[in-house]
Amino acid sequence: MTHAANLGFPRIGAKRELKKTMESYWKNEISRSELEQVGLELRRRHWHQQREAGIGIIPSNDFSFYDQVLDMTATLGAIPERFGPADGDIDLDIYFAMARGTPEAPAMEMTKWFDTNYHYIVPEFTKGQHFRLASNKALDEFNEAKKIGLTTRPVLPGPVTWLSLGKAKEPDLDPLDLLEDVLSVYAELLGKLKDAGAEWVQIDEPVLVLDLSDKQKEAFRTAMRALSVSGPKIMLATYFGKLGDNLSLATSLPVDGLHVDLVRAPEQLDDVIARIADRHLSLGLVDGRNVWRSDLDTCLEQAERAVKAIGADRVEIAPSCSLLHVPVDLDQEKTLDDELKSWLAFARQKLGEVAGLAKALNEGGEAVAAEFVASANANRARKASPRIHNPAIAERLSRVSPSALNRQSPYAERRARQAQIFKLPAFPTTTIGSFPQTKEVRQARAANRRGDMDDQSYGAFLKAQTKGCIAYQEEAGLDVLVHGEFERNDMVEYFGEQLEGFTFTRQGWVQSYGSRCVKPPIIFGDVTRPSPMTVGWSQYAQSLTSKPVKGMLTGPVTILNWSFVRNDLPRSETCRQIALAIRDEVQDLEAAGIAMIQIDEAALREGLPLRQDDRPAYLDWAVGAFRLAASGVRDETQIHTHMCYSEFNDIMPAIAAMDADVISIETSRSDMELLDAFAEFEYPNEIGPGVWDIHSPRVPDAAGMEDLLKKASRVIPADRIWVNPDCGLKTRGWPEVKSSIAHLVTAAQAMRRAA
Ligand code: GLN
Ligand code: ZN
């Protein structure tokens, strides 16, 4: 018989219970045992829910108080020295210290988990590092599930992925050289799990969908040989893409099962079947990365192909990856209309689909006829719905000529014209857009949403905030001002709420890192802009000052990358639709007298495909979308863009191709090193390297900022340099902002004097 399996369940809780409890614990409001109790309740609840949904193979150790990679780091005893003696116990407080830092010991680094918006804590490696089994979390949670009658399949990040995602702290250390030592701890843990009754473990090795070095491939052979000897059977899980050239490697490893992602890479099914030999095959058929209801008939057809080829007993039906990346439960959404809701599936609904597919295979279509009919009807209705298709936009996009992607004149000419108009000093000063979202601002917004503050009073409140912010910036001596973004809850949601084709959930939270969750908008249909979105605010702000106020927009690629995107249209097409809407807004801003417009592309790099081969195509359409959004204006209108912390080296040609008149980037923490990429590339346009790390409450002094600017002017011509913070100031408090901006202006003035 075919089993329904799950690879991982969201851990935050349907009402973000884990977030709230963790934050109370960090504030010393509750005890550790209270925190642990909530963890236990969540695990139990989630196990029950999976069992009730009809899942036969249920994971354990997918729960985490912060991050599954950090859990593995703790399990292997890989505690950086600054967090205490190498042989001490890893308790929850050391664990949180590693994740969040302490006054004495800075936190471990955090970075994005593949191409998701989940962030993991980066393991740190040193030469001769000692590994030992330092946490029994995986074993304890397995035993915990056993108590409620479940034999789970524990999940562990695999050794090659764990090492590959970590960072050597010494230049001549290759993390893979630590493999042997790490393997002995894995083996010890697997042995214990087997003794406790685990029949299978799920070893997650998503690096198998990346371009691998020969050394990594060899590491896989060594690792799986070592782990297959004495432990439970291994289900080797790959996800987030196709195995591609790693297929023969993956199917030559001595493991008992292989999980493949058939949502991102349905085309690999036949090749995988052909090479699976006598292993189990776990079919990742239900999308673990997006919120759409599955097309069950198509999934069933794929599953039947596998069953026919290798027999029902060796096939498992599963989501494409852990369900960590989707919201918990659609049933909680009381404000979405029924039609839209019928197109969606969150984690719990997806498990229902997985179980339904397995049941159809085991008992025949009759057993689940109603579910399949409902699914087919919903998908058919979605395809035909006039809410999704707006022929006018397709028609308009088809008429976009290539010249719409170009500014009227090349940069050099624009620069000369803009210099004449703006007459800015050398080293002009500005900010990235937002000013502090104080408690007052957030409370007013909440009151307005609840209906306790009418739109008129709320509008007046926001106007007063904006006015105060403009007055402050003038007083501080900044050269280019912003309106402060007080009216915005979030840089994507604000636009999504005003565009057609977007919808929003109430509880559709997804873990981003630690206790931080995001609630991405859902793009369900063709995107259009019914009316201007920001013009009123920009115009109002500009009316208060004779200095230029930047119009502030979020770019099409960032809106796309921070949303759940429809799966019935290529991402590139949806992105072009958004770009057109932003283009209209840019033109309306210009017509309203706004002379500088910033189009933030904070997340452009985030969308970069995992495989090298797929990158040029993405960069091509992403840059095209930005240019479509930005190019509808006169030469005199200055287009700015902003990008948060990114590796720029390998995407420099794309950054230059965006052709923004000014780009601001996050650089202060890297000590301006990120600028080297721009210098080497001889980036021709103007650039504002951040001189103030806005992620920290520390107030930087003027001398430090001046040093950074001097450093920058050694690699970038001084007449191209702007002076600004690393990013928006919405998370900072006014006192720090005022001191830091005063220092920033002083630093710029010093640079001008020295020039
Ligand atoms: N304009 C936005 C702000 O200042 C940009 C934020 C970002 O890049 N993440 O908040
Ligand atoms: Zn930023």
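Note that the coordinates shown come from a computational prediction; the quantities given were computed from them, not determined experimentally.

## Details of the overall build of the chain
Along its length, the chain carries 27 helices and 21 strands. Computed over its C-alpha atoms, the radius of gyration of the chain comes to 27 Å, within 12% of the 27 Å expected for a compact globule of 755 residues. Expressed as a percentage of the 755 residues in the chain, the buried residues total 50%. Considering only intrachain contacts with a sequence separation of at least 6, the fraction spanning at least 24 residues in the chain is 77%.

## A word on helix α1 (residues 17–26)
Because the α-helix completes a turn every 3.6 residues, residues three or four places apart line up on one side. Of all the residues in α1, the buried ones are Leu 18, Thr 21, Met 22 and Tyr 25. With its buried residues spanning 100° around the axis, α1 presents them on a single face. Residues of α1 that are buried make contact with α2 (32–53). Directly after α1, the chain includes Asn 28, whose backbone phi takes a positive value near 65°.

## Overview of the sheet that holds strand β18 (residues 596–600)
Strand order in the open sheet made by the five strands is β17-β18-β19-β20-β21, with parallel pairing throughout. Whereas interior strands pair on both sides, the edge strands pair on one side only; in this sheet they are β17 (550–554) and β21 (686–689). Taken pair by pair, the neighbouring strands of this sheet meet at an average axis angle of 20°, ignoring direction. Bridging between strand β19 (residues 638–643) and strand β20 (residues 662–665) involves four bridges; their strand directions are parallel. Bridge pairing in β20 links His 640 to Val 662.

## Quick notes on the pairing of strand β6 (residues 153–157)
With five of its five residues buried, β6 lies for the most part within the structure. Sheet analysis places strand β2 (residues 59–60) next to β6, joined by two bridges and oriented parallel. Its bridge partner being in β6, Pro 59 is matched across the sheet by Arg 153. Bridge count for β6 against strand β8 (residues 200–204) is three bridges, and the pairing is parallel.

## Digging into unusual backbone geometry
Look at Arg 16: it is not a glycine, yet its phi comes out positive at around 55°. By secondary structure assignment, the location of Arg 16 is in the loop between β1 (3–4) and α1. Under the C-beta neighbour-count criterion, Arg 16 is labelled partly exposed, with 18 such atoms within 10 Å. We note that Asn 61 has phi near 65°; this positive angle belongs to a residue other than glycine. Counting through the fold element by element, Asn 61 comes out in the loop between β2 and α3 (68–75).

## Topic: the pairing of β17
Along β17, five of the five residues are buried, which leaves the element largely enclosed by surrounding structure. Judged from the five bridges that link them, β17 and β18 form a sheet pairing that is parallel. Paired with Gly 551 across the bridge in β18 is Ile 597.

## Overview of the packing of helix α7 (residues 179–195) against helix α8 (residues 214–227)
Their axes nearest at 9 Å, the elements α7 and α8 cross at an angle of 30°. Classed by the angle they form, the pair α7 and α8 counts as roughly parallel. Where α7 crosses over α8, the two elements pack in a sense that is right-handed. Residues Leu 179, Leu 183, Tyr 186, Ala 187 and Leu 190 of α7 touch α8, and the partners they reach there are Ala 219, Thr 222, Ala 223, Ala 226 and Leu 227. Among the residues making up the contact of α7 with α8, the classes are represented as nine nonpolar, one polar and no charged.

## Examining the UniProt feature "binding site: 5-methyltetrahydropteroyltri-L-glutamate" (unreviewed entry) in the chain
Per the UniProt record, "binding site: 5-methyltetrahydropteroyltri-L-glutamate" (unreviewed entry) is found at Arg 16, Glu 17, Leu 18, Lys 19, Lys 112, Asn 117, Arg 516, Cys 517, Trp 562 and Glu 606. The largest pairwise C-alpha distance within this set of annotated residues, which runs over 591 residues, is 28.3 Å, so the set is dispersed in three dimensions. Excluding anything up to four places from it in sequence, Arg 16 contacts Trp 509 and Cys 517. Note on placement: Trp 562 falls in the loop between α21 (556–561) and α22 (571–591).

## Regarding the sheet that holds β8
Reading across the sheet, the eight strands line up as β1-β12-β11-β10-β9-β8-β6-β2 and stay open at both edges, with parallel pairing between neighbours. Two strands in the sheet have a free side with no partner beyond their single neighbour: β1 and β2.

## Describing the site of ligand 1
Close to ligand 1 lie 13 residues, the nearest being Ile 432, Gly 433, Ser 434, Ala 602 and Gly 728. For the shell around ligand 1, a count of residues per class yields six nonpolar, four polar and three charged.

## Re the nonpolar core
In terms of nonpolar packing, the biggest core is built from 212 residues, with Ala 303, Ile 317, Val 354, Leu 357 and Leu 709 touching the most fellow members. Leave out the neighbours within four places in its chain, and Ile 317 touches Thr 2, Ala 4, Ala 5, Leu 283, Leu 285, Ala 303, Val 354, Leu 357 and Ala 358.

## A few points about the UniProt feature "binding site: L-methionine" (unreviewed entry) in the chain
UniProt feature "binding site: L-methionine" (unreviewed entry): in the numbering of this structure it lies at Ile 432, Gly 433, Ser 434, Glu 485 and Asp 600. The greatest C-alpha distance among the annotated residues, which extend across 169 residues, is 13.0 Å, indicating that they converge on a single site. Within the element layout of this structure, Ile 432 appears in the loop between α16 (411–422) and α17 (439–450). Aside from chain neighbours lying at most four places away, what touches Ile 432 is His 642, Ser 664, Asn 724, Pro 725, Cys 727 and Gly 728. Among the secondary structure elements, Ser 434 is positioned in the loop between α16 and α17. With residues up to four places along the chain from it excluded, the contact list for Ser 434 reads Gly 484, Glu 485, Gly 728, Leu 729 and Lys 730.

## What to know about α22
Here α22 contains 21 residues, and its C-alpha end-to-end distance of 30 Å stays within 8% of the 30 Å for a straight helix at 1.5 Å per residue. Where α22 ends, the next residue or the one after it, Gly 593, has phi of about 95°, a positive value.

## Examining the environment of Ala 14
Considering the arrangement of structural elements, one finds Ala 14 in the loop between β1 and α1. With 419 residues separating them in the primary sequence, Ala 14 and Gly 433 have C-alpha atoms 33 Å apart. Discounting residues that sit within four places of it in the chain, Ala 14 has contacts with Val 328, Asp 329, Gln 332 and Gln 507.

## Some points on the confidence of the model for the chain
In this model, the chain carries an average pLDDT of 96, and 100% of its residues clear a pLDDT of 70 or more. Interface confidence in the predicted complex, given as ipTM, is 0.99; pTM for the same model is 0.96.

## Some words on the environment of Asp 693
Mapped onto the elements, Asp 693 comes out in the loop between β21 and α26 (702–715). Sequence spacing of Asp 693 and Ser 670 is 23 residues, and the spatial spacing of their C-alpha atoms is 9.8 Å. Residue contacts for Asp 693: discarding those within four places in its chain leaves Ser 668, Arg 669 and Asp 726.

Definitions and limits used
- Residues numbered from 1 in each chain as written.
- Chains lettered and ligands numbered in written order.
- Predicted model: local features only at pLDDT ≥ 70, side-chain atom pairs only at ≥ 80, totals over all residues.
- Helix = DSSP H or I, 4+ residues; strand = E, 2+ residues; numbered from the N terminus.
- Rg over C-alpha atoms; globule rule 2.2 N^0.38 Å.
- Buried ≥ 20, exposed ≤ 12 C-beta atoms within 10 Å, placed from the backbone.
- Contact = placed C-beta atoms within 7 Å.
- Arc of directions from axis to C-beta.
- Pairing = 2+ DSSP bridges.
- Axes fitted to C-alpha atoms, helices over the stretch in contact; angles between N-to-C directions.
- Parallel < 35°, antiparallel > 145°, perpendicular 65-115°, else oblique.
- Left-handed = near helix turned anticlockwise from the far one by under 90°.
- Nonpolar A, V, L, I, M, F, W, Y, C, P; charged D, E, K, R; others polar.
- UniProt positions renumbered as here; feature names shortened; annotations may be inferred.
- Near = placed C-beta within 6 Å.
- Core = buried A, V, L, I, M, F, W, Y, C linked by C-beta atoms within 7 Å.
- Expected span 1.5 Å × (residues − 1).
- pLDDT = per-residue confidence, 0-100.

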